[in-house]
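In case you want the letters, here they are:
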Amino acid sequence: MTSYLRSWLSSGTSLVQPASPSDSVPTFTRASPPPDDADDGEDTETEREDSDIAPAFPSLNSAQRASSSRSPSIPTILTDAQLMPPPPLPGLAARQPGVARGARGSSSLSAPNSLMPPPTTTAIPAKPKKGAKVALAPGHSPLDWAALKSSGEDLRGVDTLMRIPPSELKLHRRRDDAWSAFNGKVYNITAYLPFHPGGEKELMRVAGRDGTKLFAETHAWVNLDFMLDSCLVGFLVSEPSD
Ligand code: HEM
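Since the structure is predicted, the reported quantities are computational estimates derived from the model, not experimental observations.

**What to know about the overall build of the chain**
Alright, step 1. On a plain count of helices and strands, the chain comes out with nine helices and seven strands.
Alright, step 2. Put simply, of all contacts in the chain between residues at least 6 apart along the chain, 57% involve residues at least 24 apart.

**Details of the confidence of the model for the chain**
Alright, step 1. Considering every residue of the chain, the mean pLDDT works out to 78; 63% of them sit at 70 or more.
Alright, step 2. Predicted confidence is poor over residues 37-46, with pLDDT under 50, and the contacts of this stretch with residues over four places away or in other chains come to one contact.
Alright, step 3. Between residues 105-109, whose pLDDT stays under 50, and residues either more than four places distant or in other chains, the model counts three contacts.
Alright, step 4. In the predicted assembly, ipTM is 0.92 and pTM is 0.56.

**Observations regarding the site of the ligand**
Alright, step 1. Around the ligand there are 21 residues in total, and Gly 131, Pro 197, Gly 198, Glu 202 and Val 206 lie nearest to it.
Alright, step 2. Secondary structure elements with two or more residues in the shell around the ligand: helix H7 (200-204), helix H8 (212-219) and helix H9 (224-227).
Alright, step 3. The leading source of residues in the shell around the ligand is H8, at four residues.
Alright, step 4. Counted by class, the shell around the ligand contains 12 nonpolar, six polar and three charged residues.

**Re the pairing of strand E6 (residues 185-188)**
Alright, step 1. Burial along E6 is two-sided: Lys 185 and Tyr 187 and Val 186 and Asn 188, pointing in opposite directions, are all buried.
Alright, step 2. Pairing analysis gives four bridges linking strand E5 (residues 177-182) to E6, with the strands arranged antiparallel. Bridging from a neighbouring strand, Trp 179 pairs with Asn 188 of E6.
Alright, step 3. Connecting the antiparallel pair E5 and E6 is a turn made up of two residues, with Asn 183 showing a positive phi of about 50 degrees.
Alright, step 4. With three bridges joining them, E6 and strand E7 (residues 232-236) adopt antiparallel strand pairing. Its bridge partner lying in E7, Val 186 is registered against Gly 234.

**Considering the sheet that holds E7**
Alright, step 1. Ordered by their spatial adjacency, five strands build an open sheet running E3-E7-E6-E5-E4, and the pairing between neighbours is mixed. One side of each edge strand has no neighbouring strand; the edge strands of this open sheet are strand E3 (162-164) and strand E4 (173-174).
Alright, step 2. Pairing between E3 and E7: three bridges, direction parallel. Each residue of the ladder has a partner; that of Ile 164, found in E7, is Leu 236.

Reading the values: the criteria
- Residues numbered from 1 in each chain as written.
- Predicted model: local features only at pLDDT ≥ 70, side-chain atom pairs only at ≥ 80, totals over all residues.
- Helix = DSSP H or I, 4+ residues; strand = E, 2+ residues; numbered from the N terminus.
- Contact = placed C-beta atoms within 7 Å.
- pLDDT = per-residue confidence, 0-100.
- Near = placed C-beta within 6 Å.
- Nonpolar A, V, L, I, M, F, W, Y, C, P; charged D, E, K, R; others polar.
- Buried ≥ 20, exposed ≤ 12 C-beta atoms within 10 Å, placed from the backbone.
- Pairing = 2+ DSSP bridges.

As structure tokens, this is what we get:
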């Protein structure tokens, strides 16, 4: 081992001792250039690094290059016959302007390429259903009603809450004096009539009687108790027996 190291050091490599004792790591320097590898006529590493020419790919002596019959540097230009055939004409190009696809046969009714509107949208719009919302007079919006009912104005027309039998209820069925019962509570709906989004006429159908069923069938989601709380006049009771 010692003789090996000595022979290696004497053959051109010298160990430089540290300049000061504090330099603990010795430095090796090479006095002579490293021996050249066997020169086989090809470029050396250093020469290849310096040039701007990229290395051949695939490598000049690779199996990939050997198996390829044609030179990879020359791209092949396919003739028309070799090219892939074009896709079939889309439905849009074959479509006749102004003619719905569905009109030409039942099989193409659900053709996804047609830009024509679906047949359902070409139907004549249905008449607005009976009993739809009506145009309210200015100053009679739901907000106006909310303002009126909380204004403190007397909308009940009675001094105290009453027990009201159907015979009594029936007496209040005029446009200027309309009462109606909903879920056992009797309301004076007179002031609300022009504010009703469904129209006065619809609401008058329940004037003087129990409107619970009609109300539930029309718009059960409407919070009647809140909307008419300041119009409550009493509670529906059964007819007193003699
Ligand atoms: C006093 C009790 C009633 C109150 C507080 C009331 C309130 C309302 C409200 C807030 C709407 C608008 C609903 C919405 O936009 O979704 C409405 C619509 C309507 N109400 Fe009433 N309503 C009452 C009684 C009735 C009754 C008894 C009828 C039927 C005879 C009726 C028929 C309608 C109709 C047809 C609409 C239009 C529905 C629509 O939007 O298509 N309402 N009502």
